[in-house]
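Coordinates in review
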Amino acid sequence: GRRTLKLPDGGNWESMSPRVYRNIDEIFAGDCEGMTPDEVAVAHPQATTLRKMDKIGYRYPRGESYFDLISRIEPCIQEMESYTEPLLIVSHQAILRCIFAYLTGVDRESAPGMETQIQQNVVYQIDLDASSEGKITGDPNHPPAFVTVHDFRREVEARVTDRRAAGGSGLYPQGR
């Protein structure tokens, strides 16, 4: 259902109930699921080498490749494109790379290498309309004009530092 919150300026903020899409879950690493990259290198040294050679095509043992992931999320992306209201996507980096590449015209082969474009504590506002297609750059380092980047990394780091200085872990306020 809908919730409406009263904003300090007297306006209203309406929010929708969250939708959970299982097809935007992280890439399934199969036999390597739950392992750190260092653990994968020890347990499956050939997997590490092969993935470095072909990140988009490499399929984890009994797992998925980026190609599998793209096939899995494509229907969800097409549904998201049909929404007329704002949409917040919270997911894992591999998924976000693919969605960002799709919406900004970056070819799918470049999506796995978009390591620096998708950052924690950064919100990418993508305002699509009828003119968006003409603004697509296809360059992962230069997003189109319809992408606004809201970078909260400094604010988050300052809060973590303040909480650590106050004797907390830095991650959560004390008492949590």
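Just above sits the structure.
Notes on the structure follow. It should be emphasised that the depicted structure is a prediction, and the values quoted were computed from it without experimental measurement. (Residues numbered from 1 in each chain as written. Predicted model: local features only at pLDDT ≥ 70, side-chain atom pairs only at ≥ 80, totals over all residues. Heavy atoms only, no water.)

1. Re helix α5 (residues 153-165)
As a reminder, the rule being used: Only DSSP runs of H or I covering at least 4 residues are called helices, and only runs of E covering at least 2 are called strands; the numbering of each starts at the N terminus. Helix span, expected: 1.5 Å multiplied by one less than the number of residues in the helix.
With 13 residues, α5 ought to run about 18 Å at 1.5 Å a step, and its terminal C-alpha atoms sit 18 Å apart, in line with that. Once α5 finishes, Gly167 follows within two positions and takes phi at roughly 95 degrees, a positive value.

2. Examining a nonpolar patch on the surface
To keep it simple, the criterion reads: Nonpolar side chains (Val, Leu, Ile, Met, Phe, Trp, Tyr) are joined into patches within 5 Å and like charges within 9 Å, using only residues with over 30% relative accessible area and no salt bridge. Reported accessibility uses the Shrake-Rupley method at a 1.4 Å probe radius. Residues are deemed covered only where the shown protein chains occlude them. The salt bridge definition used is simple: a Lys or Arg side-chain nitrogen within 4 Å of an Asp or Glu carboxyl oxygen.
A surface patch of nonpolar side chains, about 210 Å² in accessible area, is lined by Val123, Phe152 and Val156. With respect to the helices and strands, the residue Val156 is situated in helix α5.

3. Brief notes about the pattern of salt bridges
Opposite charge on two side chains permits them to pair, given that their charged atoms come into close proximity. For the record, the criterion: Burial here depends on accessible area, computed with a 1.4 Å probe over protein chains only, as a share of the maximum for the residue type. Under 20% is buried, over 50% is exposed, and the range in between is partly exposed.
Tallying each qualifying case throughout the model produces six salt bridges. Notably, a salt bridge pairs Asp25 with Arg22, separated by 3.9 Å at the nearest N-O pair. Here Arg22 falls in the exposed class, since its relative accessible area comes to 61%. Between Asp151 and Arg153 there is a salt bridge; the shortest N-O distance is 2.5 Å. Of the residues examined, Asp151 reaches a relative accessible area of 36% and is grouped as partly exposed.

4. Quick notes on the nonpolar core
For clarity, the threshold we go by: To define a nonpolar core, start from buried Ala, Val, Leu, Ile, Met, Phe, Trp, Tyr and Cys residues and group those joined through side-chain atoms within 4.5 Å. Residues count as neighbours in contact if any of their non-hydrogen atoms are within 4.5 Å of one another.
Counting 24 residues, the largest nonpolar core has Ile24, Tyr66, Leu69, Ile73, Ile95, Cys98 and Ile99 as its most contacted members. Broken down by secondary-structure element, the contributors of at least two residues to this core are α3 (66-82) and α4 (93-104). Apart from residues lying up to four places away in sequence, Ile95 is in contact with Asn23, Ile24, Asp25, Glu26, Leu69, Arg72 and Ile73. Counting six residues, the second largest nonpolar core, distinct from the first, contains Ala29, Ala47, Tyr58 and Tyr60.

5. Some points on the packing of aromatic side chains
Selection criterion: Stacked, tilted and edge-to-face pairs are distinguished by plane angle, under 30 degrees for stacked and over 60 for edge-to-face with tilted covering the rest, among Phe, Tyr and Trp rings (Trp via its six-membered ring) whose centres lie within 6.5 Å.
Summed over the entire model, instances satisfying the criterion amount to one aromatic pair. Considering the side-chain rings of Tyr58 and Tyr60, the 5.5 Å spacing of their centres and the 75 degrees angle between planes classify their relative orientation as edge-to-face. Across the pair, Tyr60 and Tyr58 agree in class, each one buried.

6. Let's talk about the packing of α3 against α4
Rules: For helices, the axis comes from a line fit to the C-alpha atoms of the stretch in contact; other axes are also lines fit to C-alpha atoms, and the angle between any two N-to-C directions lies between 0 and 180 degrees. What sets the label is the angle itself: under 35 degrees gives roughly parallel, over 145 gives roughly antiparallel, 65 to 115 gives roughly perpendicular, and the rest give oblique. With the far helix as reference, a near helix turned anticlockwise by less than a right angle produces a left-handed crossing, and one turned clockwise produces a right-handed crossing. Three categories are distinguished: nonpolar for Ala, Val, Leu, Ile, Met, Phe, Trp, Tyr, Cys and Pro, charged for Asp, Glu, Lys and Arg, and polar for the others, with Gly belonging to the last.
Close contact between α3 and α4 brings their axes to 10 Å; oriented N to C, the two are set at 60 degrees. By the angle class used here, α3 and α4 are oblique. Crossing of α3 against α4: the hand is right-handed. Contacts between α3 and α4 pair Tyr66, Leu69, Ile70, Arg72, Ile73, Ile77, Gln78 and Glu81 from the former with Ala94, Ile95, Arg97, Cys98, Ile99, Tyr102 and Leu103 from the latter. In the contact of α3 with α4, the residues fall into 11 nonpolar, one polar and three charged.

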